[in-house]
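Observations on the model geometry
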Amino acid sequence: MSEGTDGGAALDGMRVAARLALLCLQGDGRLTPSRAAGQAVRAGGLVDLVLAGRLVEEADAVDLLPGPGAGPVAEGLVAEVDADPGRPLADLVERGRTGLAEAAGELVGSGLWGARASLLPWRPDRYRPADPSLARTALAPAVAAVSPEGAAPDPDRAATAVLATVAGLVDGRYAEADERLLAACGPAEWVTRMAAEVITTSRRWHDSLGRTTVADLGTPW
């Protein structure tokens, strides 16, 4: 697997949702306001649940099982499912309440980010990486370098790369999911593929609102 050195090492041992949240920190210390960013972080939480053995795809259903904690984003999603058991996972990725706020709290709590609260209620809080290797400028090249060529990347790194790419978190440009990276997601391929499709469809639908009307479009789901 080809990866950047400092940025790649900084991602070791992190949950997918936290890795994606790191890519959402702008140079001014604010979190990116894009819809796709929050969707990607929620999708990362679902991947974390799959890799923890708690979200399982069966032949005709998806089961949520008890098990080890998978991080604040994942547990927030579990709470949303518990409150509405029939809610589709696609809808959870699209418009769930859990997301960047929970991921930011985890990063601050673990000491990876420092927080600077805003004194003005209408302005968002700001954050700063505790180490230069955690800055987006260091991490984005490492994520972009994750490749299916040669030795396959670990499922968590492959899922991070796919979700970051479709959400525009790597270089600000949106791109399609790489089928080879999706295959490298292993047990999390099904949920990563679903989430990537949701993020891509949602982005296209909302982008098109500037060119047509909601009545023309209907709804994406």
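Residues numbered from 1 in each chain as written. Predicted model: local features only at pLDDT ≥ 70, side-chain atom pairs only at ≥ 80, totals over all residues. Heavy atoms only, no water.

1. Quick word on the nonpolar core
Formally: To define a nonpolar core, start from buried Ala, Val, Leu, Ile, Met, Phe, Trp, Tyr and Cys residues and group those joined through side-chain atoms within 4.5 Å. Buried means the residue's accessible area, taken with a 1.4 Å probe over protein chains only, is under 20% of the maximum for its type, while exposed means over 50%, and partly exposed covers the values in between. Helix and strand assignments follow DSSP, with helices taken as H or I runs no shorter than four residues and strands as E runs no shorter than two, numbered in order from the N terminus. The criterion used for residue contact is that any of the two residues' heavy atoms lie within 4.5 Å.
By size, the foremost hydrophobic cluster in this structure holds 63 residues, and its most contacted members are Val-41, Leu-46 and Leu-169. With nine residues, helix 3 (residues 35-51) is the largest single contributor of residues to this core. Filtering out sequence-adjacent residues up to four positions away, Leu-169 remains in contact with Leu-20, Leu-23, Cys-24, Ala-37, Ala-40, Arg-136 and Ala-164.

2. Focus on helix 4 (residues 72-83)
Three- or four-residue spacings in an α-helix give side chains the same orientation, since the helix completes a turn every 3.6 residues. To keep things clear, this is the line we draw: Helix span is expected to be 1.5 Å times the residue number reduced by one.
With 12 residues, helix 4 should cover 16 Å at 1.5 Å per step; its first-to-last C-alpha distance of 16 Å lies within 8% of that length. Looking at the buried side of helix 4, the elements it contacts are helix 2 (16-22), helix 3, strand 2 (62-64), helix 5 (89-95) and helix 6 (100-109).

3. Here we look at helix 8 (residues 155-166)
Counted at 1.5 Å a residue, the expected span for helix 8 with its 12 residues is 16 Å, and the 17 Å between its end C-alpha atoms agrees. A large share of helix 8 lies buried, amounting to nine of its 12 residues. The complete set of buried residues in helix 8 reads Arg-157, Ala-158, Ala-159, Thr-160, Ala-161, Val-162, Leu-163, Ala-164 and Val-166. A positive backbone phi angle near 75 degrees is found at Gly-168, which sits one or two residues after helix 8.

4. Re the pattern of salt bridges
This is how it is decided: Whenever Lys or Arg places a side-chain nitrogen within 4 Å of a carboxyl oxygen from Asp or Glu, that contact is recorded as a salt bridge.
The final tally for this structure, using the stated rule, is 14 salt bridges. Overlapping salt bridges, with partners in common, bring together Arg-35, Glu-80, Arg-87, Asp-91, Glu-94 and Arg-95 in one network.

5. What about the packing of helix 3 against helix 8?
How we decide: Every angle, taken between N-to-C directions, lies between 0 and 180 degrees, and every axis is a line fitted to C-alpha atoms, over only the stretch in contact when it is a helix. Between 65 and 115 degrees an angle is taken as roughly perpendicular, under 35 as roughly parallel, over 145 as roughly antiparallel, and anywhere else as oblique. Handedness of a helix crossing follows the sense of rotation of the near helix relative to the far helix, less than a right angle counterclockwise being left-handed and clockwise being right-handed. Amino acids are sorted into nonpolar (Ala, Val, Leu, Ile, Met, Phe, Trp, Tyr, Cys and Pro), charged (Asp, Glu, Lys and Arg) and polar (every other residue, Gly among them).
Look at helix 3 against helix 8: their axes get within 10 Å of each other, and the N-to-C directions meet at 160 degrees. It follows that helix 3 is roughly antiparallel to helix 8 by the angle criterion. When you trace helix 3 past helix 8, the crossing you get is right-handed. Listed contacts from helix 8 to Ala-40, Ala-43, Gly-44, Val-47 and Leu-51 of helix 3 are Pro-155, Asp-156, Ala-159 and Leu-163. Looking at the contact of helix 3 with helix 8 residue by residue, the class counts come to seven nonpolar, one polar and one charged.

6. A few points about the environment of Arg-204
Basically, it comes down to this: Between N or O atoms, a polar contact is any pair within 3.5 Å; within protein, one atom must be a potential hydrogen donor and the other a potential acceptor, and residues adjacent in sequence are included only when both atoms are from side chains.
As for its position among the elements, Arg-204 is in helix 10 (residues 189-208). Judged by relative accessible area, Arg-204 falls into the partly exposed class, the value being 47%. Within the structure, the side chain of Arg-204 is placed 2.4 Å from the side chain of Glu-176, a separation counted as a polar contact.

7. Considerations on the environment of Glu-197
Here Glu-197 shows up in helix 10. When its relative accessible area of 48% is taken as the criterion, Glu-197 is described as partly exposed. Separated by 107 residues in sequence, Glu-197 and Ala-90 place their C-alpha atoms 8.9 Å apart.

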